[in-house]
Structures are given as structure tokens and as C-alpha cells.
Amino acid sequence: MTILTVLLCILLLIVMISVFKINAFLSFLIVSIIAGITLGLPLPKIAGAVEKGMGDVLGSLIIIITTGAMLGKLVAESGAAQKIAEVMMSTFGKKHIQWAMVITGFIIGIPLYYGIGFVLMVPLIFSVVYRYKLNAIYIGLPMLAALSVTHGFLPPHPSPAALVVQFDANMGLTLFYGMIIAIPAIVIGGPIFAKSLKHIEAQPLAAFRTKELPEEALPGSWVSLLTALLPVILLALASFLPLTLPAGSPITPVVTFLGNPSIVMLIVVLIATYTLGLVRGMKMNAIMNLYSDAVKDIAMILLIITGSGALKEILVQTGVSLEIARYLDGIAIDPLILGWLIAALIRFAVGSATVAGLTTAGIIFPLMGAAHTDPNLMVLAVGAGSLMFSHVNDSGFWLFKEYFNLSLKDTFRSWALMETIVGTMGLIGVLILHALL
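Residues numbered from 1 in each chain as written. Predicted model: local features only at pLDDT ≥ 70, side-chain atom pairs only at ≥ 80, totals over all residues. Heavy atoms only, no water.

To continue, consider the environment of V392. Within the secondary structure, V392 is located in the loop between α17 (375–385) and α18 (395–404). Residue V392 is classed as buried on the basis of its relative accessible area of 0%. Discounting chain neighbours no more than four positions away, the residues touching V392 are I10, L13, I14, F28, S308, F397, W398, L408 and F412. (Helix = DSSP H or I, 4+ residues; strand = E, 2+ residues; numbered from the N terminus. Buried < 20%, exposed > 50% of the residue type's maximum accessible area, 1.4 Å probe, protein only. Contact = heavy atoms within 4.5 Å.)

Below, the structure written as C-alpha cells:
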């Protein structure tokens with residue numbers, strides 16, 4: 001009954017948004033309250049759960065998304081995105097631009113959280129799309145597939161890194177295995193799958209549809225590239241520098257503070273204000289007006305994402321994820337497949353890849369010892385399962401839908417199916433490695 005109730009709530013959400021055209025944020029609030037009541041959460045706790053879910057999502061994402069939008073707007077308006085698009089096109093050619101996007105997404109995705117990588121890469125995707133009159137889904141989905149896979153499979157991302165610790169796996173070996181599995185998953189879920197989506201017409205956010213500037217008005221290639229990639233560089237340093245420092249080093253807390261994604265994004269926006277704005281003759285008032293416009297453009301996206309957080313928290317507090325895990329715990333099946341399956345179903349019910357991964361860890365860990373399961377492969381199996389079935393209770397689903405301005409139907413056909421493909425390919429890769437090792 002619990003799983004059926006969750007399915008009916010998700011169906012109600014889809015019907016409210018797509019059939020009755022009710023605002024997605026309001027739909028999330030209504031369905032979250034209905035879900036809390038029908039799943040037995042005490043009435044006095046429902047409002048608190050909704051507020052907590054919204055606060056948790058907003059607290060972790062608001063600085064990243066708003067500063068990312070500001071940076072994206074400046075990168076687009078200054079001509080830096082146009083310059084980067086020119087460099088990529090001259091290097092890879094129009095025929096291979098998809099692969100350029102995949103490589104960029106993979107490199108950026110290793111140190112960068114998915115949300116940051118998304119808001120940073122959107123202006124670049126749209127610049128290539130508008131400049132060369134290409135299909136937005138065909139160009140953008142491969143890069144986002146790479147970002148998603150690195151987020152779900154590879155340390156130092158939060159869920160894989162936490163699973164490495166909980167399963168007592170080896171961080172370096174998990175990363176190595178993860179790379180082997182991630183590449184074919186990205187290729188199939190990205191460029192190959194995107195070829196079937198050329199018929200989907202996306203009209204990306206007008207905020208990133210900038211007029212083309214003359215060549216002499218563009219910033220330099222190095223300034224454009226370094227400013228756009230500075231968050232990646234800083235976060236990569238913050239991820240790997242502590243590994244080289246001795247235990248108890250006084251520098252470690254400083255690196256940890258400066259490496260926080262929110263702090264990194266704030267620093268980068270300040271630097272970009274100078275390198276792409278003030279140095280090139282823009283007035284501070286004009287730059288700040290750009291930033292204000294950028295935040296206005298994403299206000300509804302922020303509200304929708306907070307709404308998805310409310311539904312997620314209701315499902316977490318009602319114990320849906322634990323009930324699914326307990327039900328599957330008694331099934332006689334290979335632990336790697338079971339770990340993947342539990343994570344996939346919890347991801348479907350709750351919407352969060354991180355919650356799915358960490359909830360699965362506590363259930364599957366006791367089974368690993370008896371079956372002598374490779375902990376490194378279990379990290380990857382659970383990570384792959386946590387990417388499955390992205391839909392209306394996942395903030396990543398709404399980021400893609402709203403930025404690319406797609407219908408719900410087309411978002412399911414593109415984003416949701418891509419996530420399912422990479423999650424399935426991840427499991428296949430894990431089982432092949434398991435057979436070979």
C-alpha cells in the first residue's frame with residue numbers, strides 16, 4: 001500500500017501540472033501535504049516536514065544556483081560563452097561538437113557537484129546551440145549525462161565518497177573502476193541516445209539567448225576559458241589538496257572553507273565581475289543589473305526545486321525508503337544486483353540520489369560480508385542504482401525541464417530516459433567487472 005500511495009501521489013502531481021496546468025510549485029505543496037496525510041505522518045508534523053524539505057534544498061542550492069546564474073549571465077553577455085564556443089568549434093569541428101561537450105562535462109563533473117556544473121555549463125551549451133543553429137537536446141544532453149554519471153559513480157562526490165567509507169572500500173580503486181564503467185555509460189546515454197532526440201524542439205531560457213557580438217568586442221580566449229572554468233579548478237584543488245597535506249595541517253581548515261561550493265561560487269563571481277566586467281569597461285551598475293536580471297530569470301526554478309524538496313522530505317519522514325529496503329532485503333539475489341535495485345527503487349520513491357545511496361548502504365552492508373562482495377564494486381552498483389528513474393520528485397529533472405523549457409512529456413523522453421540508461425549501463429559494467437576480476 002505504501003508503494004501504491006507513493007505512485008498515486010506522483011501520478012497526481014503529473015496530472016496537476018500537465019493536464020490542469022497548475023503551477024509546479026503549488027502542485028508540489030498540495031501533493032506533499034496529501035502524501036503526508038495518506039502515508040500516516042501526524043498532522044502537526046506535516047507543515048514542519050514541508051518547511052524542512054524546502055529549507056534543506058534551498059539552503060544547499062540557493063547560493064550555488066543564484067551565483068551560477070549570475071556567472072552564466074555575465075559569461076553570456078560579455079561574449080565569453082561566444083568565444084568559448086568558437087574555440088570548441090574550431091578545435092573539434094561542428095561534426096564532433098557533441099564529443100567536445102561530453103569531454104568537457106566529464107572533466108568538469110569529476111570535481112564539481114552536479115548543480116554547479118549544470119548552471120555553469122548551460123550558457124556554454126546555449127551559446128553553441130544558438131550560434132551554430134543546432135538542436136539543444138542533441139548538444140546539451142551528452143554533457144549533462146557526463147555530469148550526472150560522475151555525480152553518481154565517482155568519488156569525491158558526496159554519495160560515492162560516503163559509500164566508500166561505509167563499505168570500507170578503496171577510494172582510488174573505486175575511482176579507477178568507476179572511470180572504466182562511467183565512460184561507456186556516458187557514451188551510450190549521451191551522444192548515442194541523443195541522436196534519437198533530434199525531433200524534440202527545446203526553447204532554452206531566453207536569459208541565455210544573447211545577441212552575437214563582433215569579434216573585436218569579445219574577451220580573449222584564455223580569459224574566457226579560465227573564468228568559466230575557475231570553479232572547476234578551485235573545487236578540484238579543494239578536493240585533492242587535502243590528500244597531500246599531513247594530518248593536522250593548519251592549512252586543511254582553510255582549504256576546506258575555501259573549497260566549499262558556495263564559497264567557491266561567490267569568489268568566482270567576484271573575480272568574473274572584474275575580469276569579464278570592469279576590466280572590459282562595464283560599469284558596476286550595469287553588471288549588478290545583469291545579476292539582478294539573472295536571479296529574476298531563475299526565481300521560479302528555485303521555487304520548483306524547493307517544492308521537490310518538500311515532497312522528498314515527506315517521503316523520507318514517513319519511512320518510505322526504509323520500507324522498500326526492508327521488503328527487498330529478503331529477496332535471494334546477488335548482492336550487487338540487490339544493492340542496485342534497492343537504490344533504484346528508493347531513488348524512484350524519494351527523488352534524491354544521495355538519500356537513495358546512503359539508505360541502501362545500511363541495508364546492504366550486512367549482506368556483503370557473507371557473500372564476500374567486492375566493496376569497490378558495491379559502491380558503483382549502489383551509485384548506478386541511485387541514478388535510475390529520475391522524475392518529478394528530483395530537482396535535477398526540474399533543472400533540465402525549466403532551463404531547456406521543455407514539456408513534461410519531452411523531459412521524460414529525454415532526461416528521465418537518459419538517467420535510466422546510464423543507471424542500467426552502470427549495473428551492466430559492474431557485473432562485467434565482477435565476472436572478470
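The end-to-end C-alpha distance of helix α6 (residues 114–132), which contains 19 residues, comes to 26 Å, matching closely the 27 Å that a straight helix rising 1.5 Å per residue would cover. The sharpest bend along α6 measures roughly 35 degrees and falls at M121, with the proline P123 sitting one to four residues further on. Counted residue by residue, α6 has 16 buried out of 19 residues, so it is predominantly covered. Once α6 ends, the next one or two residues include K133, with phi positive near 55 degrees. (Expected span 1.5 Å × (residues − 1). Bend = angle between axes of the 7 residues up to and from the residue.)

Before going further, it helps to spend a moment on the packing of aromatic side chains. Tallied over the full model, the rule gives 10 aromatic pairs. Between F28 and W398 the ring centres are 5.6 Å apart and the planes differ by 70 degrees, which places this aromatic pair in the edge-to-face class. Of this pair, F28 sits in helix α2 (residues 24–38) while W398 sits in helix α18, and the two are 370 residues apart along the sequence. For the pair F28 and W398, one class covers both residues: buried. With 5.5 Å between their ring centres and 75 degrees between their planes, F397 and W398 make a pair best called edge-to-face. An aromatic cluster of at least three residues, connected via ring pairs, comprises F126, Y130, F400, F404 and W415. Over the aromatic face of Y138 sits the side chain of K198, whose NZ or CZ is 4.5 Å from the ring centroid. (Phe/Tyr/Trp six-rings, centres within 6.5 Å; stacked < 30°, edge-to-face > 60°. Lys NZ or Arg CZ within 6 Å of the ring centre and 35° of its normal.)

The next thing to look at is the pattern of salt bridges. Applying the stated criterion across every chain yields a total of seven salt bridges. Residues R347 and D394 are paired through a salt bridge, measuring 3.2 Å at the closest nitrogen-oxygen approach. One end of the pair, R347, is in helix α15 (residues 335–350); the other, D394, is in the loop between α17 and α18, with 47 residues separating them in the sequence. Across this residue pair, the class does not change: R347 and D394 are buried. Ionic pairing is found between R347 and E419, a salt bridge with its closest N-O pair at 3.0 Å. Of this pair, R347 sits in helix α15 while E419 sits in helix α19 (residues 408–436), placing them 72 residues apart in sequence. By relative accessible area, which is 3% here, R347 ends up buried. Under the relative-accessibility criterion, E419 is labelled buried at 2%. Through salt bridges that share partners, K52, D56 and E313 make up one connected network. (Salt bridge = Lys/Arg side-chain N within 4 Å of Asp/Glu carboxyl O.)

Now for the environment of L197. Among the secondary structure elements, L197 is positioned in the loop between α9 (171–194) and α10 (221–244). With a relative accessible area of 4%, L197 lands in the buried category. The sequence separation of L197 and S414 amounts to 217 residues, and the corresponding C-alpha distance is 7.0 Å. Once you skip the residues sitting within four places of it in the chain, L197 turns out to touch N135, I137, L141, R413 and S414.

Across the interface, helix α5 (residues 97–109) lies against helix α7 (residues 136–153) with an axial gap of 8 Å and an inter-helix angle of 25 degrees. Considering the angle they form, α5 stands roughly parallel to α7. In this structure, α5 meets α7 at a crossing whose hand is right-handed. Across the interface between the two elements, I97, Q98, M101, V102, T104, G105, F106, I108 and G109 of α5 pack against Y138, I139, P142, M143, A146, L147 and T150 of α7. (Axes fitted to C-alpha atoms, helices over the stretch in contact; angles between N-to-C directions. Parallel < 35°, antiparallel > 145°, perpendicular 65-115°, else oblique. Left-handed = near helix turned anticlockwise from the far one by under 90°.)

Here the focus is a nonpolar patch on the surface. A cluster of nonpolar side chains, contributed by L12, V19, F20, I22, L26, I30 and I34, occupies part of the molecular surface with about 590 Å² of accessible area. Top contributing element to the nonpolar patch by residue count: α2, with three residues. Considering the arrangement of structural elements, one finds L26 in helix α2. Judged by its relative accessible area of 43%, L26 falls in the partly exposed class. (Patch = residues over 30% accessible without salt bridge, like charges linked within 9 Å, V, L, I, M, F, W, Y side chains within 5 Å. Areas by Shrake-Rupley, 256 points an atom, 1.4 Å probe, with all protein chains shown as cover.)

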